[in-house]
Amino acid sequence: MDIVVKGRKTEVPERFRKHVAEKLKLEKIQKLDGKVISLDVEVSKEPNPRQADRCDRVEITLRSRGPVIRAEAAASDPYAALDLAADKLEARLRKEHDKRHTRRGAGRLSAADVADTVPGAATLNGIGDIVSEAESDGIPTKKIGSLEVKGEGPLVVREKTHVASPMSLDQALYEMELVGHDFYLFVDSETKEPSVVYRRHAYDYGVIHLSTDPMVAQAQSADAGGALGG
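What counts and how
- Residues numbered from 1 in each chain as written.
- Predicted model: local features only at pLDDT ≥ 70, side-chain atom pairs only at ≥ 80, totals over all residues.
- Heavy atoms only, no water.
- Helix = DSSP H or I, 4+ residues; strand = E, 2+ residues; numbered from the N terminus.
- Buried < 20%, exposed > 50% of the residue type's maximum accessible area, 1.4 Å probe, protein only.
- Contact = heavy atoms within 4.5 Å.
- Areas by Shrake-Rupley, 256 points an atom, 1.4 Å probe, with all protein chains shown as cover.
- Core = buried A, V, L, I, M, F, W, Y, C linked by side-chain atoms within 4.5 Å.
- Pairing = 2+ DSSP bridges.
- Axes fitted to C-alpha atoms, helices over the stretch in contact; angles between N-to-C directions.

A. Focus on the overall build of the chain. Per the secondary structure count, the chain includes seven helices and 11 strands. The buried share among the 230 residues of the chain stands at 25%. Restricting to contacts in the chain with at least 6 residues of sequence separation, those with at least 24 account for 40%. As displayed, the chain has an accessible area near 16,100 Å², and 52% of this comes from carbon and sulfur atoms.

Listed below in structure tokens is the structure:
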């Protein structure tokens, strides 16, 4: 596997390419992720003189058979930006590496085996609700991967609820880059509606806003009023 170094609206000197090869040691990366397919490094320059301390940006994209891992940083010169981005990449690689090893711990049970192995384990239906023994009989069971799901589903693998303070679009982009994700869900401080920012190509971003349809809201309100009045 080779490291591909390219510039976005800027030239990449040979000296910097050699520094990339020295900084991103393939042996160390492959030890943390043995299924790496490609490693791309993109360098860009911000022409705005007000951002002189962050004018050089380096983005590292690692693709493997698992999730894509990105790390980027900006500094006053490309070498400093590369060092910061490389440190972020290594930290995220170690985190994914530790996750994989934790999942492979000895003596762990698959979700499908819990009910048969653990005495008194609860049975869940397709939407994650606990089903009593009397109710469990007669409910159709289907196999999804290694899981047996009762009912029609859909199967909710994970559900999270977060308390969110309204924020601006710029703040949402900053938070997305901070956590290293490709999208970020937030409440827009201007519209007070849920929105999502997401990464597109290179350094382009997109945003999706959700708004309530007033016609649907009025219809639902009318239905609720009729039910109460009856």
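B. Expanded view of the nonpolar core. Among the nonpolar cores identified, the biggest contains 24 residues, and Phe16, Leu24, Val58, Ile60 and Leu89 are the most heavily contacted of them. Elements represented by at least two residues in this core include exactly helix 1 (14–23), helix 2 (26–32), strand 2 (36–45), strand 3 (56–64), strand 4 (69–75) and helix 3 (78–103). Broken down by element, the residue count for this core peaks at six residues, all from helix 3. In terms of nonpolar packing, the next biggest core, distinct from the first, is built from six residues, Met167, Ala172, Phe186 and Val197 among them.

C. Representation of the sheet that holds strand 2 within the structure. The strand order across the open sheet formed by four strands is 1-2-3-4, and the pairing between neighbours is mixed. Sheet topology places strand 1 (3–8) and strand 4 at the edges, where each strand pairs with a single neighbour. Strand after strand, the sheet turns through a mean of 15° between neighbouring axes, direction not considered. Two strands pair when backbone bridges link them, and strand 1 and strand 2 are joined in this way by six bridges, in the parallel orientation. Within strand 2, the residue paired with Gly7 across the bridge is Val43.

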